[in-house]
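Breakdown of the fold
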Amino acid sequence: MEEAKWYVAHTFSGYENKVASDLKIKVENQNMTDLIQDIVIPTETVVEIKEDGTKKEVERKIFPSYILVKMVMTDETWYVVRNTRGCAGFVGPEGKPVALTKEEIDRLGVEKVSVEVAYEVGDTVNVIDGPLEGFSGTVESIDTANNSVQVIVSMFGRETAVDFELDQLEKVKD
């Protein structure tokens, strides 16, 4: 079977949630979960400051009137998405769907990639990539969601906190 790819579907203004939920129900009812695997409405959380100075966190759609659908493109899946009430069609030349590239998917943060690291807070690690390659230090904190690790490195006789990406370090073997 062909691999599922991400496509962008255009919806009527304000219908993103309705189209996404209706499409999920259709996919379940027609046993198409292997063909239409995921439906996402890209959002971001922003802090709005009201006139009276109060702050409120609001979830805002990054691309109003669009949803992302991970699916295997067939005549049947195209028809199911295209004929969901509120869906105006796919994004692409003359309405012919064009899959998103790996770079676009990464930039949008649609697919979360989990990275497993072989070290934890307090471990001694070697820097294996970047300008501080060859240095070693102690892991201070790990943030897998943002792909970053803070390490205390001794430079010029001083302890300095340096941020690295998860794959720039390896645990020192005992």
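Attention in this report is confined to the structure presented alongside it. Keep in mind that what you see is a predicted model, and the values were worked out from it rather than measured. (Residues numbered from 1 in each chain as written. Predicted model: local features only at pLDDT ≥ 70, side-chain atom pairs only at ≥ 80, totals over all residues. Heavy atoms only, no water.)

1. Structural notes on the nonpolar core
Membership of the largest hydrophobic core comes to 20 residues, with the highest contact counts inside it found for Ile 36, Val 69 and Val 81. Counting residues per element, the ones that place at least two in this core are β1 (5–11), α1 (16–29), β2 (36–40), β5 (66–71), α2 (75–82) and β6 (87–90). Sorting elements by how many residues they give to this core places α1 first, with 4 residues. In terms of nonpolar packing, the next biggest core, distinct from the first, is built from 13 residues, Val 125, Val 149, Val 153 and Met 155 among them. (Core = buried A, V, L, I, M, F, W, Y, C linked by side-chain atoms within 4.5 Å. Buried < 20%, exposed > 50% of the residue type's maximum accessible area, 1.4 Å probe, protein only. Helix = DSSP H or I, 4+ residues; strand = E, 2+ residues; numbered from the N terminus.)

2. A closer look at the packing of aromatic side chains
Scanning all chains against the criterion turns up 2 aromatic pairs. With a centroid separation of 6.3 Å and an interplanar angle of 75 degrees, the aromatic rings of Tyr 7 and Phe 90 are classed as edge-to-face. One end of the pair, Tyr 7, is in strand β1; the other, Phe 90, is in strand β6, with 83 residues separating them in the sequence. Summarising the aromatic geometry, the rings of Phe 12 and Tyr 15 are spaced 6.1 Å apart at their centres and angled 85 degrees between planes, so their arrangement reads as edge-to-face. The exposure class assigned to Tyr 15 is partly exposed, which follows from its relative accessible area of 39%. (Phe/Tyr/Trp six-rings, centres within 6.5 Å; stacked < 30°, edge-to-face > 60°.)

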